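Single-letter residue listing:
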Amino acid sequence: MQGKIVKGIAGFYYVHVVGSGVYECKAKGVFRKEKIKPLVGDNVEIEVLDEKDMEGNITEILPRKNDLIRPAVANIDQALVVFAVTQPDPHFNLLDRFLVMMERKEIPTVLCFNKTDIAESPLITELKQIYSGCGYPVLFTSAKEEENIEKLKELLKGKTTAIAGPSGVGKSSLINLLQSRVKMETGSISRKIARGKHTTRHSELLVLGKDSYIMDTPGFSSLYVNDFEKEELKYYFPEFDPYEGQCRFNGCDHIHEPGCAVKEAVEEGKIHRVRYQDYTEMYRELQERKKY
């Protein structure tokens, strides 16, 4: 019997089989032995152990179109990364690390900045300036005022989308509006530390409509970019592409080299300085890790 993992929690995997329902399954020991972990979104083969109680075992994980480790999901068409315009303020370096991760996996990404109802216009303008030149669709929303929710639905239609972002940005509130049958726990911002409580504790696949799914994923607070060579990093910043081949030196990494077209573009305001600063920080991090 074939189905799709829609939720995984505490070693149990909930597999939706079209026409039959959801089976509570455990993964067979062979997966642990081979260090393969089933992911939400995986298409799997199961054997039914108890039809009455809808229990079974996952016997095979079918080939994946793609997979991510953090958030831990598989077979997605696009990512929707949600940050707040304010409260909490966007962590640009964290956002850019997520974008690098998606570029490496060749997964299209939509940027959503929530909480426009409490944001000052200059903050929104700044975010537009930083990311408008990167080639990513950017949407500004307010879950409280239901601003641009219909536009967001259109972007998600007909796709399986992984929604990810740090805690406290209103992700669960947006999902409540997108998927009215699921009322998720919404967390409040901790005033003391200005960070959100983790309201989503496991990844879960939710149905929006015909051929439209969203994968809600636990909030993240850090991402490490360390599983590739520093020379590759420049290829994961789309706004660098127009300057490829225009630097004085072949193989320019856009860090120390003179006659660098990317650095000139930064000085001229064609590439935003925030993005370039995050690029240099990630580059140096990769450089340091290679020493050990």
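Basis of the calculations
Residues numbered from 1 in each chain as written. Predicted model: local features only at pLDDT ≥ 70, side-chain atom pairs only at ≥ 80, totals over all residues. Heavy atoms only, no water. Helix = DSSP H or I, 4+ residues; strand = E, 2+ residues; numbered from the N terminus. Buried < 20%, exposed > 50% of the residue type's maximum accessible area, 1.4 Å probe, protein only. Contact = heavy atoms within 4.5 Å. Areas by Shrake-Rupley, 256 points an atom, 1.4 Å probe, with all protein chains shown as cover. Phe/Tyr/Trp six-rings, centres within 6.5 Å; stacked < 30°, edge-to-face > 60°. Lys NZ or Arg CZ within 6 Å of the ring centre and 35° of its normal. Axes fitted to C-alpha atoms, helices over the stretch in contact; angles between N-to-C directions. Parallel < 35°, antiparallel > 145°, perpendicular 65-115°, else oblique. Nonpolar A, V, L, I, M, F, W, Y, C, P; charged D, E, K, R; others polar. Left-handed = near helix turned anticlockwise from the far one by under 90°. Core = buried A, V, L, I, M, F, W, Y, C linked by side-chain atoms within 4.5 Å. Salt bridge = Lys/Arg side-chain N within 4 Å of Asp/Glu carboxyl O.

Draft legend 1. Inspection of the overall build of the protein chain at higher detail. Within the protein chain, the secondary structure is distributed over seven helices and 15 strands. Going through the 292 residues of the protein chain one by one, you find that 49% of them count as buried. Considering only residue pairs separated by 6 or more positions, the protein chain has 65% of its internal contacts joining residues 24 or more positions apart. Accessible surface, the protein chain: about 15400 Å² in total, of which carbon and sulfur atoms supply 48%.

Draft legend 2. Quick peek at the packing of aromatic side chains. Inspection of the entire model under this criterion finds nine aromatic pairs. With a centroid separation of 6.5 Å and 35 degrees between ring planes, the pair formed by Phe-92 and Tyr-131 is classed as tilted. On the criterion of sequence distance, the pair formed by Phe-92 in helix H2 (residues 92-105) and Tyr-131 in helix H3 (residues 121-131) is long-range, its members being 39 residues apart. Accessibility classification places Phe-92 together with Tyr-131 in one group, the buried group. Pairwise contacts between aromatic rings join Phe-237, Phe-240, Tyr-276, Tyr-279 and Tyr-283 into one cluster. Geometry around Tyr-14 places Lys-7 over its ring, the cationic atom sitting 5.2 Å from the centre.

Draft legend 3. Looking closely at the packing of helix H4 (residues 149-156) against helix H5 (residues 171-178). Following both chains from N to C, one finds H4 and H5 inclined at 80 degrees, their axes separated by 10 Å at the closest point. With respect to each other, H4 and H5 are oriented roughly perpendicular. Taking contact as the criterion, the partners of Ile-149, Leu-152, Lys-153 and Leu-156 in H4 are, on H5, Leu-174, Leu-177 and Leu-178. The residue inventory of the contact of H4 with H5, partitioned by class, reads six nonpolar, no polar and one charged.

Draft legend 4. Spotlight on the packing of H2 against H3. It is at 13 Å that the axes of H2 and H3 come closest, and there the two elements cross at 35 degrees. As for how H2 packs across H3, the hand of that crossing is right-handed. For the pair formed by H2 and H3, the contact residues are Phe-92, Leu-95, Asp-96 and Leu-99 on the first element and Leu-127, Ile-130 and Tyr-131 on the second. Residues of the contact of H2 with H3, tallied by class, amount to six nonpolar, no polar and one charged.

Draft legend 5. Molecular detail of the nonpolar core. In terms of nonpolar packing, the biggest core is built from 43 residues, with Val-15, Ile-46, Ile-58, Leu-95, Leu-111, Phe-113 and Tyr-131 touching the most fellow members. In contact with Tyr-131, not counting residues within four places along its chain, are Phe-92, Leu-95, Asp-96, Leu-99, Leu-111, Phe-113, Tyr-136, Val-138 and Arg-275. Listed in part, the 21 residues of the second largest apolar core include Phe-240, Cys-252, Met-282 and Tyr-283.

Draft legend 6. Up close: the pattern of salt bridges. If you walk through the whole model with that rule in mind, you get 13 salt bridges. In this structure, Asp-96 engages Arg-275 in a salt bridge whose closest nitrogen and oxygen atoms are separated by 2.7 Å. Of this pair, Asp-96 sits in helix H2 while Arg-275 sits in helix H7 (residues 273-290); the two residues are 179 residues apart in sequence, bridging distant segments of the chain. Like Arg-275, Asp-96 is buried. Look at the salt bridges and you will find they share partners, linking Asp-96, Glu-239 and Arg-275 into a network.

Draft legend 7. Representation of unusual backbone geometry. Residue Gln-87 is joined to Pro-88 through a cis peptide bond whose omega torsion reads 5 degrees. Tracing the backbone shows Pro-88 in the loop between strand S8 (78-84) and H2. Positive phi, close to 55 degrees, is recorded for Lys-35, a residue that is not glycine. For Lys-35, the position within the fold is in the loop between helix H1 (29-33) and strand S4 (43-50). At Glu-146, a residue that is not glycine, the phi angle is positive and equals roughly 60 degrees. Relative to the helices and strands, Glu-146 resides in the loop between strand S10 (138-140) and H4. Its relative accessible area of 52% is what places Glu-146 among the exposed residues.

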